[in-house]
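Report on the structure
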Amino acid sequence: MASKFARPVLALVATPALAALLVGAATSGGAATPGAPGAGDPYFPLSGNGGYHVAHYGLDLDYTPTTRRLEGSADLAVTTTHKLSSFNLDLSGLTVDSVRIDGRRAAFTRDGAELTVTPAHALDKGSRFHVVVTYSGVPEYVTDPDGSPDGWIIQPDGSVFVANEPQGAMTWFPSNSHPSDKSTYDVKVTVPDGWTAVSNGRLRDQRSQAGRTTFSWSESKPMAAYLATASIGKFQVEQYVTRSGLPVYNAVAPSQAAEAKPVLDQLPAVIEWESGLFGRYPFEAAGSIVEDAPDVGYALETQTRPIYDRAPDIGTLVHETAHQWFGDSVTPTKWQDIWLNEGFATYAEWLWAAEHGGLSTAQQFAADYALPATDSLWSFPAGDPGDGGHLFAKPPYERGAMVLEKLRQTVGDRAFFTILKTWATDHRYGHGDSAQFIALSKRISGKNLDALFATWLYGQGKPATP
């Protein structure tokens with residue numbers, strides 16, 4: 001997310017192994033039990049769910065801007081991680097019309113944002129099935145602990161800014177909405193002619209019939225629910241292929257087009273530059289969504305196609321593009337480790353500035369260290385924000401970048417950039433946590449870095465010396 005400390009947001013994911021770990025050891029055989037109503041994250045206890053993994057989402061949505069009404073069908077390909085008598089999905093508001101498991105009606109109940117599904121018979125551990133939920137209504141965004149809007153955010157003209165970090169996916173589709181569960185996606189959105197619906201991955205098809213246009217998108221790489229989008233507007237659309245063969249799709253609100261163009265034109269160069277630092281670009285498509293939504297107040301690294309509330313500057317573009325490696329391809333297993341997203345993307349901004357006439361990374365570190373001990377930079381450790389209300393405050397961003405600069409100064413450039421590239425490569429399309437990053441840094445550098453991380457990542461207050 002861009003400059004989160006200037007405005008707040010949130011996130012989610014779950015793999016089968018992690019889900020089992022979070023909800024307790026699974027038993028093979030034995031009595032069936034309900035799946036947990038949360039993935040076990042202390043910051044968002046009811047985000048995500050236990051007992052299963054979603055391999056794929058097939059979303060079929062129909063939206064009418066004049067009425068703000070959304071009609072949806074979500075087809076989830078699911079594998080159980082233990083024997084289930086029932087399981088939960090995250091869904092906020094909206095009316096559930098039916099739930100089917102492999103074509104057969106299943107009982108369901110609602111309790112807040114928890115949709116509990118009870119199959120006719122218990123589901124054995126390792127069972128694979130499809131659950132299809134049909135639903136409708138006028139979506140309402142959620143307000144995160146930091147006060148920011150999150151999810152399906154409808155604008156005054158009926159256009160929609162869709163950004164889910166950390167918990168907004170549940171406002172527009174039923175999901176296992178925690179970063180520990182990553183899935184592939186097919187997203188089909190039908191809107192009136194003249195409107196454009198933009199999602200993740202590649203545009204597979206666009207066709208009009210009876211005054212409405214359907215856009216079919218496909219994201220073939222694993223994605224956390226908080227990174228999905230289905231943003232809708234009367235966009236100016238630009239499509240092209242980079243010299244490396246990467247398809248780019250930009251959708252820009254007309255009011256932002258003139259200001260956005262010189263920045264978006266640099267996207268291929270930014271991707272190429274970051275690929276040199278972090279390894280091969282991890283996805284099959286790229287692009288941007290630029291809306292005129294100043295009240296939202298932030299940008300988000302929606303996978304393959306970041307979304308901006310207004311025309312971005314080059315620093316924001318660099319930041320959100322770096323997230324494609326750090327946050328999107330390599331995703332934290334818990335929200336406490338948000339610095340692995342935001343600190344790394346902020347450090348990419350530092351690196352870009354250093355190569356384009358700005359401060360060196362060492363000078364930026366020194367400028368930050370010169371801030372008084374009362375500055376919000378030192379209000380809590382980058383590696384332990386404490387709760388969901390502080391995820392997008394200053395420390396995970398700026399102090400997170402300081403951790404990386406301190407690491408670079410300690411291990412040297414060769415080891416440091418090897419660490420970054422190895423991290424992005426070894427955990428590609430999966431997950432990583434702070435302990436794993438620290439272990440990797442020690443292994444590659446051959447140094448004992450315990451004191452460095454204890455002070456700069458987890459230490460309280462301003463360190464005594466830079």
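As the structure is a computational prediction, the values presented were derived from the model and not from experiment. (Residues numbered from 1 in each chain as written. Predicted model: local features only at pLDDT ≥ 70, side-chain atom pairs only at ≥ 80, totals over all residues. Heavy atoms only, no water.)

**A short note on the sheet that holds strand S21 (residues 307-308)**
Going by this rule: When DSSP finds two or more bridges between a pair of strands, those strands are recorded as paired. Put simply, DSSP H or I for four residues or longer makes a helix, DSSP E for two residues or longer makes a strand, and each gets a number counted from the N terminus. Two residues form a contact once any of their heavy atoms are found within 4.5 Å. Geometry is summarised by axes, namely lines fitted to C-alpha atoms with helices restricted to the contacting stretch, and by angles between N-to-C directions that run from 0 to 180 degrees.
The sheet built from four strands is open, its strands ordered S18-S19-S20-S21 with mixed pairing. Two strands in the sheet have a free side with no partner beyond their single neighbour: strand S18 (236-241) and S21. Contacts from helix H2 (residues 257-264) reach S18, strand S19 (247-252) and strand S20 (286-290) within the one sheet, and its direction differs from that of S19 by about 155 degrees.

**Side note on the confidence of the model for the protein chain**
Filter applied, for reference: The predictor reports its confidence for every residue as pLDDT, a score running from 0 up to 100.
For the protein chain, per-residue confidence averages 94 on the pLDDT scale, and 94% of positions sit at 70 or higher. Confidence drops under pLDDT 50 across residues 4-28; counting only partners more than four residues distant or on other chains, this segment forms 109 contacts.

**Concerning the nonpolar core**
Rules: Residues belong to a common nonpolar core when they are buried Ala, Val, Leu, Ile, Met, Phe, Trp, Tyr or Cys residues joined through side-chain atoms within 4.5 Å. In this scheme, a residue with accessible area under 20% of its type's maximum is buried, one over 50% is exposed, and one in between is partly exposed, where area comes from a 1.4 Å probe on protein chains only.
Of all hydrophobic cores here, the largest spans 69 residues; its most connected members are Phe87, Val131, Trp152, Trp172, Phe173 and Ile232. The greatest single-element share of this core, amounting to six residues, is contributed by strand S2 (residues 52-64). Among the nonpolar cores identified, the runner-up in size contains 62 residues, and Ala286, Trp350, Trp378 and Phe417 belong to it.

**Thoughts on the pattern of salt bridges**
Let me state the cut-off plainly: Salt bridge, as used here, is a side-chain nitrogen of Lys or Arg placed within 4 Å of a carboxyl oxygen of Asp or Glu.
Per the stated rule, a full pass over the model turns up twelve salt bridges. Between Arg243 and Glu272 there is a salt bridge whose closest N-O contact spans 2.7 Å. Note that Arg243 is positioned in the loop between S18 and S19 and Glu272 in helix H3 (residues 267-278), a separation of 29 residues in sequence. With a relative accessible area of 76%, Arg243 lands in the exposed category. Residue Asp265 is joined to Lys261 by a salt bridge in which the shortest nitrogen-to-oxygen separation is 3.2 Å.

**Concerning helix H4 (residues 314-322)**
Across the nine residues that make up H4, a large majority, eight, are buried. Taken together, the buried positions of H4 are Gly315, Thr316, Leu317, Val318, His319, Glu320, Thr321 and Ala322. Packed against the buried residues of H4 are H2, H3, S20, S21, helix H5 (339-355) and helix H7 (394-411).

**Digging into the packing of aromatic side chains**
Under the convention used in this document: Pairs were defined over the aromatic rings of Phe, Tyr and Trp, the Trp ring being its six-membered one, requiring ring centres within 6.5 Å. Orientation was assigned from the angle between planes: stacked under 30 degrees, edge-to-face over 60, tilted for the rest. Counting as a charge over the ring demands two things of the Lys NZ or Arg CZ atom: a distance within 6 Å of the ring centre and an angle within 35 degrees of the ring normal.
One pass over the full model with this rule turns up 30 aromatic pairs. Ring centres of Tyr226 and Trp335 lie 5.2 Å apart, and the angle between their planes is 65 degrees; on these two criteria the pair is classed as edge-to-face. Of the two residues, Tyr226 sits in the loop between strand S16 (212-224) and strand S17 (231-233) while Trp335 sits in the loop between strand S22 (331-332) and H5, which places them 109 residues apart along the sequence. Each member of the pair, Tyr226 as well as Trp335, carries the same accessibility label: buried. Centroid distance Tyr347 to Phe416: 5.6 Å. Interplanar angle 75 degrees. Geometry classified as edge-to-face. A residue pair is termed long-range when its members are at least 10 positions apart, and Tyr347 in helix H5 and Phe416 in helix H8 (residues 413-426) qualify at 69 residues. The residues Tyr347 and Phe416 share a single accessibility class, namely buried. Grouping aromatic residues by their ring pairs yields a cluster made of Phe278, Tyr281, Phe283, Trp325, Phe326, Trp339, Phe344, Trp423, Tyr429, Phe437 and Phe453. Over the face of the ring belonging to Tyr429 we find Arg428, whose NZ or CZ atom lies 5.9 Å from the ring centre. Taking the ring centre of Tyr369 as reference, the NZ or CZ of Lys462 above it sits at 4.5 Å.

**Considerations on helix H9 (residues 434-445)**
Put simply, the rule reads: An expected span of 1.5 Å times one less than the residue number is assigned to each helix. Taking the helix axis as origin, the arc is that swept by the directions to the C-beta atoms. Any N or O atom pair separated by 3.5 Å or less is treated as a polar contact, with the protein-specific requirement of one donor-capable and one acceptor-capable atom, and with residues adjacent in sequence counted only for side-chain atom pairs.
Look at H9: 16 Å from first C-alpha to last across twelve residues, which is about the 16 Å you get at 1.5 Å a residue. Ser434, Phe437, Ile438, Leu440, Ser441 and Ser445 are the residues of H9 that are buried. For H9, the angular spread of the buried residues around the axis is 160 degrees, confining them to a single face. The outward face of H9, more than 90 degrees from its buried face, is lined by the exposed residues Ala435 and Arg443. If you check the start of H9, you find a side-chain oxygen 3.3 Å away from the backbone N of Ala435, and it comes from Asp433. Positive phi appears at Gly446, one or two residues downstream of H9, with a value of about 70 degrees.

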